[in-house]
Amino acid sequence: MKVIVDNKIPFIREAIEHIADEVVYAPGQAFTPELVKDADALVIRTRTRCDRALLEGSRVRFIATATIGFDHIDTEYCREAGVEWANAPGCNAPSVAQYLHSALLLLQMKRDKPLRGLTMGIVGVGHVGSLVAEVAGDLGMKVLLNDPPREEQEGPGRYAPLHRLAEECDFISFHVPLVREGKHPTFHLADEAFFRSLRRRPVFINTSRGEVADTQALLQALESGQISDAIIDVWEHEPDIDRTLLQSVFLGTPHIAGYSADGKANATRMALTALCRFFGRKPDFHIAPPKPLNPVITASNETEAYLQMYDPRRDSDALKAHPEQFEQLRGDYPLRRERQAYLFRQG
């Protein structure tokens, strides 16, 4: 079994070399028809577009993407060509929740206004959206959920229409897949009409896919005051992102909200488990992220403790200073661990 692997997938080398007979590592954007033609499987991230142009004429039978999203895989072509694929649903949901927890604490500090009693609207209530709802609830916020596909399956009662979120929410956070066609498209879901419909000048948050928001409409909403601020981790046309938007937002980060070491380890583990399942190989590997450099955190209050654990200003400041380094900042992301890796002490 020959496997081509994105060389930025963490914790994978020793594990996959126990599974595959031959492994070739390459940058995600360097996967070519010539590279993959004699491979049996690919293990990728979002930077590799898997479609007819890449796969036709190859012997690739299986693709594992170490990501929640899979819009970089042409699933219809794969179905026609008999190529199976697997993603890693929920792998980095706690990491995104950590990112937003810290971001909300920073906003609370900036505004000197408690979050308790404010309303968070969550668009997309999958693995990530559900955990973000828990974070908001733990911070004392009221939560409104919007998820038309789930509402169709589960019935009315739990979910609110998008126009209600636009009218009532102080924060609106997007956690949807990128869907360009069909009954519930999400491409430019946050467009000019959406921003015009907002009534409470909410904080706009997007950690899902950049194309969910229309960049020019978002910029206009910031400039006109239709939204009071923005937290943006995903961008249209990555890595060539809009520099004006980057400098205008409260936090602007290089698509790393889900990049905790824990989330990365989960994604790699899920991708390799799917690979083993498809090829009938024993999943004889162990993947665990390294311990943090300072596992004991001494802090006088919870906000200080959580921001010691992860402060997204570091990532935002680095990108705003060097937007041309988007891919480098994303690809060489430093170790970040989640809450369970730390011991807190009151100090």
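For the structure, check the block above.
Here the structure is a predicted model, which means the values were calculated and not measured.

Conventions adopted
- Residues numbered from 1 in each chain as written.
- Predicted model: local features only at pLDDT ≥ 70, side-chain atom pairs only at ≥ 80, totals over all residues.
- Heavy atoms only, no water.
- Core = buried A, V, L, I, M, F, W, Y, C linked by side-chain atoms within 4.5 Å.
- Buried < 20%, exposed > 50% of the residue type's maximum accessible area, 1.4 Å probe, protein only.
- Helix = DSSP H or I, 4+ residues; strand = E, 2+ residues; numbered from the N terminus.
- Contact = heavy atoms within 4.5 Å.
- Phe/Tyr/Trp six-rings, centres within 6.5 Å; stacked < 30°, edge-to-face > 60°.
- 1 Å grid on protein atoms, 1.4 Å probe; cavity = no way out; pocket = protein on both sides within 12 Å on 5 of 7 lines; lining within 4 Å.
- Points joined across faces, edges and corners; volume = space filled by probe spheres on them.
- Pairing = 2+ DSSP bridges.
- Polar contact = N/O pair within 3.5 Å; in protein donor to acceptor, adjacent residues only side chain to side chain.
- Expected span 1.5 Å × (residues − 1).
- Axes fitted to C-alpha atoms, helices over the stretch in contact; angles between N-to-C directions.
- Parallel < 35°, antiparallel > 145°, perpendicular 65-115°, else oblique.
- Left-handed = near helix turned anticlockwise from the far one by under 90°.
- Nonpolar A, V, L, I, M, F, W, Y, C, P; charged D, E, K, R; others polar.

1. A look at the nonpolar core
At step 1: Among the nonpolar cores identified, the biggest contains 43 residues, and Met120, Met141, Phe171 and Ile231 are the most heavily contacted of them.
At step 2: Counting residues per element, the ones that place at least two in this core are helix H5 (93-111), strand S6 (119-123), helix H6 (127-138), strand S9 (203-206), strand S12 (296-299) and helix H13 (302-309).
At step 3: The element best represented in this core is H5, accounting for ten residues.
At step 4: In this structure Met120 touches Leu104, Ala136, Met141, Lys142, Val143, Leu144, Cys169, Phe171, Ser173 and Ile205, once residues within four positions along its chain are discounted.
At step 5: Among the nonpolar cores identified, the runner-up in size contains 31 residues, and Phe204, Leu218, Leu222 and Trp235 belong to it.

2. So, the packing of aromatic side chains
At step 1: Inspection of every chain in the model, using the stated rule, returns eleven aromatic pairs.
At step 2: Arranged with centres 4.8 Å apart and planes meeting at 35°, the rings of Phe70 and Trp85 form a pair that is tilted. Taken together, the positions of Phe70 in the loop between strand S4 (62-65) and helix H4 (75-81) and Trp85 in strand S5 (residues 84-86) put the pair 15 residues apart, joining distant regions of the chain.
At step 3: A residue is classified by how much of its surface remains accessible, and Trp85, at 27% relative accessible area, is partly exposed.
At step 4: Pairing Phe174 with Phe194 gives two aromatic rings, centres 5.7 Å apart and planes at 85°, and the pair type is edge-to-face.

3. A few points about empty space enclosed by the protein
At step 1: Overall, the coordinates contain one cavity of 30 Å³ or more when judged by the stated rule.
At step 2: Taken as a whole, the largest cavity spans an internal volume of roughly 50 Å³.
At step 3: Forming the walls of the largest cavity are Asn206, Gly210, Ala213, Thr215, Leu218, Ile232, Val234, Trp235, Glu236 and Leu245.

4. Observations concerning the sheet that holds strand S8 (residues 171-174)
At step 1: The parallel open sheet is built from six strands, whose spatial order is S7-S6-S8-S9-S10-S11. What marks the edges here is a single partner per strand, and that holds for strand S7 (142-146) and strand S11 (251-252).
At step 2: In terms of strand pairing, S6 meets S8 through four bridges, oriented parallel. The residue of S8 that forms the bridge with Met120 is Phe171.

5. A look at the environment of Thr67
At step 1: Inspection of the secondary structure assignment puts Thr67 in the loop between S4 and H4.
At step 2: Assessed through its relative accessible area of 12%, Thr67 is described here as buried.
At step 3: If sequence neighbours within four positions are ignored, Thr67 has contacts with Arg45, Thr46, His72, Asn87, Ala88 and Cys91.
At step 4: Only 2.7 Å separates the side chain of Thr67 from the side chain of Thr65, close enough to count as a polar contact.
At step 5: Polar side-chain contacts of Thr67 include one of 2.7 Å to the backbone oxygen of Gly69.

6. Some thoughts on H5
Each turn of an α-helix holds 3.6 residues, which means side chains three or four residues apart point in the same direction.
At step 1: Helix length check: H5, at 19 residues, gives a terminal C-alpha distance of 27 Å against a target of 27 Å (1.5 Å per residue), a fit within 8%.
At step 2: Among the 19 residues of H5, 14 are classified as buried, and the element is accordingly described as predominantly covered.
At step 3: Looking one or two residues beyond H5, the residue adopting positive phi is Asp112, at roughly 50°.

7. Here's the deal with H13
At step 1: Among the residues of H13, those classed as buried are Ala305, Tyr306, Leu307 and Met309.
At step 2: On the buried face of H13, the contacting elements are H5, S12, helix H14 (313-321) and strand S13 (343-346).
At step 3: Between the side-chain oxygen of the N-cap and the backbone nitrogen of Thr303 there are 3.2 Å, and the N-cap of H13 in question is Asn301.

8. Some words on the side chain of Glu238
At step 1: In this fold, Glu238 is placed in the loop between strand S10 (229-232) and helix H11 (243-248).
At step 2: Residue classification places Glu238 among the buried residues on the basis of a relative accessible area of 19%.
At step 3: Separated by 2.9 Å, the side chain of Glu238 and the backbone nitrogen of Trp235 make a polar contact.
At step 4: Each residue touching Glu238, except ones within four places of it in the same chain, is listed here: Arg47, Asp233, His255 and Phe326.

9. Side note on the packing of H5 against H13
A pair of packed helices is characterised by two quantities: the angle between their axes and the separation of those axes.
At step 1: At a minimum axis distance of 10 Å, the contact between H5 and H13 shows a crossing angle of 130°. In this view, H5 runs oblique relative to H13, as classed from their interaxial angle. In the packing of H5 onto H13, the handedness of the crossing is left-handed. Across from Gln98, His101, Ser102, Leu105, Leu106, Gln108 and Met109 in H5, the residues of H13 making contact are Thr303, Tyr306, Leu307 and Met309.
At step 2: Taken together, the residues that form the contact of H5 with H13 break down as six nonpolar, five polar and no charged.

10. Some points on the layout of surface pockets
At step 1: In this model, the second largest pocket occupies a volume close to 420 Å³.
At step 2: What lines the second largest pocket is a set of 21 residues, among which Met309, Arg314, Pro334, Leu335 and Arg336 lie closest to the centre.
At step 3: When residues of the lining of the second largest pocket are traced back to their parent elements, those giving at least two are S12, H13 and H14.
At step 4: With three residues, H14 is the single largest residue contributor to the lining of the second largest pocket.
At step 5: Grouping the amino acids of the lining of the second largest pocket by side-chain chemistry returns 13 nonpolar, two polar and six charged.

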